[in-house]
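Structure at a glance
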Amino acid sequence: MPPRFIRTVGWALCGLWWGLAAAQSDLELREIAPGIFVHQGRHELPDTHNRGEIANIGFIVGERCVAVIDSGGSPEQGRALKAAIAVHTPLPVCYVINTHVHPDHIYGNRAFKAPGVSFIGHHKLAQAMALRAPYYIDKAARDLGYTLTAEDFVPPDQPVEESMELDLGNRTLRLTAHGPAHTDNDLSVYDAKTATLWAADLLFMGHLPVVDGSLTGWLKEIDRLKAVPARLAIPGHGPAVADWPQAAAAEERYLNGLATEVRAAIRQHRTMEQAMETVGTSMRDEWRLFDEFNKRNVSTAFAALEWEDD
Amino acid sequence: MQTGILPRIWLLVTGIALSTLVQATDPQDEGAWTGALRAQYFGDRPIEEGNGVIELTAPYRAEDPALVPIQITGKIPQTAEKYIRRITLIIDNNPVPFAASFDLTPASGKADLAMRVRVNSYTHVRAIAETSDGKLYMSKAFVKASGGCSAPLGADLDAAMARLGKMKFRMDGDKAVLGQPNAVQLLVSHPNITGLQMDQISRLIKPAHYVEEVKVSFDGTPVLTARTDIAISADPNFRFYFVPDKAGELKAEIRDNLGKTFTASQTVTD
Ligand SMILES: [Zn+2]
């Protein structure tokens, strides 16, 4: 069967699906500070019911145009976000900022692809997308119940090397490309106008932090973020908004505890498998999805910290 | 691949859960093995299945598809009369099913191995032992690589690249027990880049760069010789045994697919 035919059928059916979704669900949004709108995700694993729509996503409105910050966990959620923006402002979207490569933050990208819209991401984002896309596409079909194609991953046309300023019209966003932390391609956004830090997945609240980059690197980047003069922060997973820097305390405690216990396990010549059974378990009650992510955090940390003593 | 797309769309429209689809294409199906891999690697030689000679242990749910800990336990002593001379590790549904093969000797002491592998999907993982009398024995485990949002690559490949070629041995305690199997761990820093990802998005995929051969010897006598492929996790890490008969030098020689070689050695005292 020619690929073109499949794509056409796919589009037609997606259109049908979108019609249904738009009719019943306006994406719930909260204006957490003037011109900053956040849709709060939920503490769940991505599955066929939530369709991967689990992260906090949203947008910031300037006087000239709108910046989307994370486009959604599914192509449908991307379209729903686009429709919701149009309800709140007549201004056009000029930027789509992808805070990192994870599916729950980028799968809505395609809805925003249009002339005049620039996609912004960490300078390592395009490579991370390319490396992960084939696996993510298979995984979406298996676990999320929809078909993705390469076109759903829109790589940044403006990579952020260290930092970048985006002017939305009398509102300047300062973007920072971080070192390996939650992933190796984390980007944070600071809105000076309202002293709000869009930390995305550099900040987990309630939902156990997931280390898919570097544990020690993440602790360093938290220190850096604590120096940002923000009053409010928006986590990638957690409430729509929280006080900064207090919001980072629980995450920092967990990551520090993980580092301390993994280092001790390595010193005691325990294996990764043994460490995965015990490390972190005293902090279990403080977090949602602990059983789903703690062991993998331990393994990632263990494999990296084994090299620490040289 | 393409035949799968239409049913998926159809299911989406009719609202039937994906689990139906999963049942239709049973993930526990061993078609890849029985249909191709078995003949490819072992021809029509008989293989006895069970855990009597060798046992593979793997987590049913892989927490991180980039780092799945696998243990292989030899159930017979490595004596000059009879020993496990080769263990082959196959991951059925990986893009390259052959993960590694390990040649062992009586000097290995025990045919116990542990390592970390990449697992791309739901798959059987199997270890096939060949004993010195030429017989084959197989132990297998089913692994569901879930791992949330991570991918089977490695979290921080740049860090591994920066350390490229660094190696170290780790032993329990600083003294070896002579005449007994001693556990040792070999750590190799190497990104083990698969080079396999289809570059549908950019031109940024690096070509394959992975460890192809690992040779460990004690005072010149081979202990472990491995042929490895891209299923081995970034920063390859092997645990195995060796039997020192006196103080001496444990040596590892690594070669990657680009022909780069790295060596490390460790003095073993009694
Ligand atoms: Zn994330």
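Quantities reported herein were computed from a predicted structural model and do not represent experimental measurements.

On to helix α8 (residues 290-305) of chain A, then. Residue and element names in this part refer to chain A. Its 16 residues place the ends of α8 21 Å apart at the C-alpha level, agreeing with the 22 Å of an ideal helix rising 1.5 Å per residue. Of all the 16 residues making up α8, 12 are buried; the element is thus mostly covered by neighbouring parts of the structure. Among the residues of α8, Phe-290, Phe-293, Asn-294, Arg-296, Asn-297, Val-298, Ser-299, Thr-300, Ala-301, Phe-302, Ala-303 and Leu-305 are the ones counted as buried.

Residue and element names in this part refer to chain B. Residue placement: Ile-72 occurs in strand β4 (residues 68-74). Separated by 65 residues in the primary sequence, Ile-72 and Tyr-137 have C-alpha atoms spaced 12 Å apart. The residues touching Ile-72, leaving out its near neighbours within four places in the chain, are Ile-54, Glu-55, Leu-56, Ile-87, Leu-89, Ala-111, Asp-112, Leu-113, Met-115 and Ala-127.

Tallied over the entire structure, the rule returns 11 aromatic pairs over all chains. Aromatic pair Tyr107(A) and Tyr136(A): ring centres 6.5 Å apart, planes at 75°, arrangement edge-to-face. Highlighted residues: Tyr107(A) in the loop between α3 (103-106) and β6 (118-122) and Tyr136(A) in helix α4 (residues 125-144), separated in sequence by 29 residues. Between Tyr41(B) and Phe98(B) the ring centres are 5.9 Å apart and the planes differ by 25°, which places this aromatic pair in the stacked class. Of this pair, Tyr41(B) sits in helix α3 (residues 31-42) while Phe98(B) sits in strand β6 (residues 98-104); the two residues are 57 residues apart in sequence, bridging distant segments of the chain. What makes Tyr41(B) partly exposed here is its relative accessible area of 29%.

This brings us to the confidence of the model for chain B. Residues and elements named next belong to chain B. For chain B, per-residue confidence averages 85 on the pLDDT scale, and residues scoring 70 or more make up 84% of the total. Least confident of the elements in chain B is helix α1 (residues 2-14), whose mean pLDDT is 33; most confident is strand β5 (residues 84-91), at 98. In the model, residues 1-24 has pLDDT below 50 throughout and makes 26 contacts with residues more than four positions away in sequence or in other chains. If you check the scores for this complex, the pTM reads 0.87 and the ipTM reads 0.85.

Residue and element names in this part refer to chain A. Every protein donor of the zinc ion is listed here as His-100 (NE2), His-102 (ND1), His-182 (NE2) and Asp-201 (OD), and their distances to the metal cover 2.0 to 2.2 Å. For the zinc ion, the four donor atoms are set out with angles of 85 to 172° between them, so the coordination reads as irregular. When its relative accessible area of 1% is taken as the criterion, His-102 is described as buried. By relative accessible area, His-182 is classed as buried at 0%.

Looking now at the sheet that holds strand β1 (residues 30-33) of chain A. All names here are of chain A. One open sheet accounts for seven strands, arranged β1-β2-β3-β4-β5-β6-β7; its pairing is mixed. Strand pairing shows two members of the sheet lacking a second neighbour, β1 and β7 (158-160), which therefore form its edges. Here the strands of the sheet are splayed against their neighbours by 25° on average, with no regard to which way each runs. Bridge count for strand β3 (residues 57-61) against strand β4 (residues 66-69) is four bridges, and the pairing is antiparallel. Counterpart to Ile-60 in the pairing with β4 is Ala-67. The strands touched by helix α2 (residues 75-88) are β2 (36-39), β3, β4 and β5 (93-97); relative to β3, the strand with the most contacts, the crossing angle is about 30°.

Our next topic: the packing of helix α5 (residues 215-226) of chain A against helix α6 (residues 249-267) of chain A. All names here are of chain A. Running from N to C, α5 and α6 point in directions that differ by 150°, and their axes come no closer than 10 Å. Classified by the angle their axes make, α5 and α6 are roughly antiparallel. Every pair of crossing elements has a handedness; the one defined by α5 and α6 is left-handed. Residues Leu-215, Thr-216, Trp-218, Leu-219, Ile-222, Asp-223 and Lys-226 of α5 form the contact with α6, whose participating residues are Glu-251, Glu-252, Leu-255, Asn-256, Leu-258, Ala-259 and Arg-263.

Residues and elements named next belong to chain A. Counted according to the given criterion, the structure contains one disulfide over all chains. Paired by a disulfide, Cys-65 and Cys-94 hold their sulfur atoms 1.9 Å apart. On the sign convention where negative is left-handed, the bridge of Cys-65 and Cys-94, at about 65° about the S-S bond, is right-handed. Placement of the pair is Cys-65 in the loop between β3 and β4 and Cys-94 in strand β5, with a sequence separation of 29 residues. The exposure classification of Cys-65 matches that of Cys-94, with both residues buried.

What follows is about the nonpolar core. Core analysis: the largest hydrophobic core is formed by 54 residues, its most contacted members being Ile72(B), Ile87(B), Leu186(B), Val216(B) and Phe240(B). Core analysis: the next-biggest nonpolar cluster, separate from the first, contains 45 residues, Ala195(A), Leu219(A), Trp287(A) and Ala303(A) among them.

Reading the values: rules and limits
Residues numbered from 1 in each chain as written. Chains lettered and ligands numbered in written order. Predicted model: local features only at pLDDT ≥ 70, side-chain atom pairs only at ≥ 80, totals over all residues. Heavy atoms only, no water. Helix = DSSP H or I, 4+ residues; strand = E, 2+ residues; numbered from the N terminus. Expected span 1.5 Å × (residues − 1). Buried < 20%, exposed > 50% of the residue type's maximum accessible area, 1.4 Å probe, protein only. Contact = heavy atoms within 4.5 Å. Phe/Tyr/Trp six-rings, centres within 6.5 Å; stacked < 30°, edge-to-face > 60°. pLDDT = per-residue confidence, 0-100. Donors = N, O, S within 2.8 Å, 3.2 Å for Na, K, Ca; no water. Tetrahedral: all angles 85-135°; square planar, octahedral: opposite > 155°, others 65-115°. Pairing = 2+ DSSP bridges. Axes fitted to C-alpha atoms, helices over the stretch in contact; angles between N-to-C directions. Parallel < 35°, antiparallel > 145°, perpendicular 65-115°, else oblique. Left-handed = near helix turned anticlockwise from the far one by under 90°. Disulfide = S-S within 2.5 Å. Core = buried A, V, L, I, M, F, W, Y, C linked by side-chain atoms within 4.5 Å.

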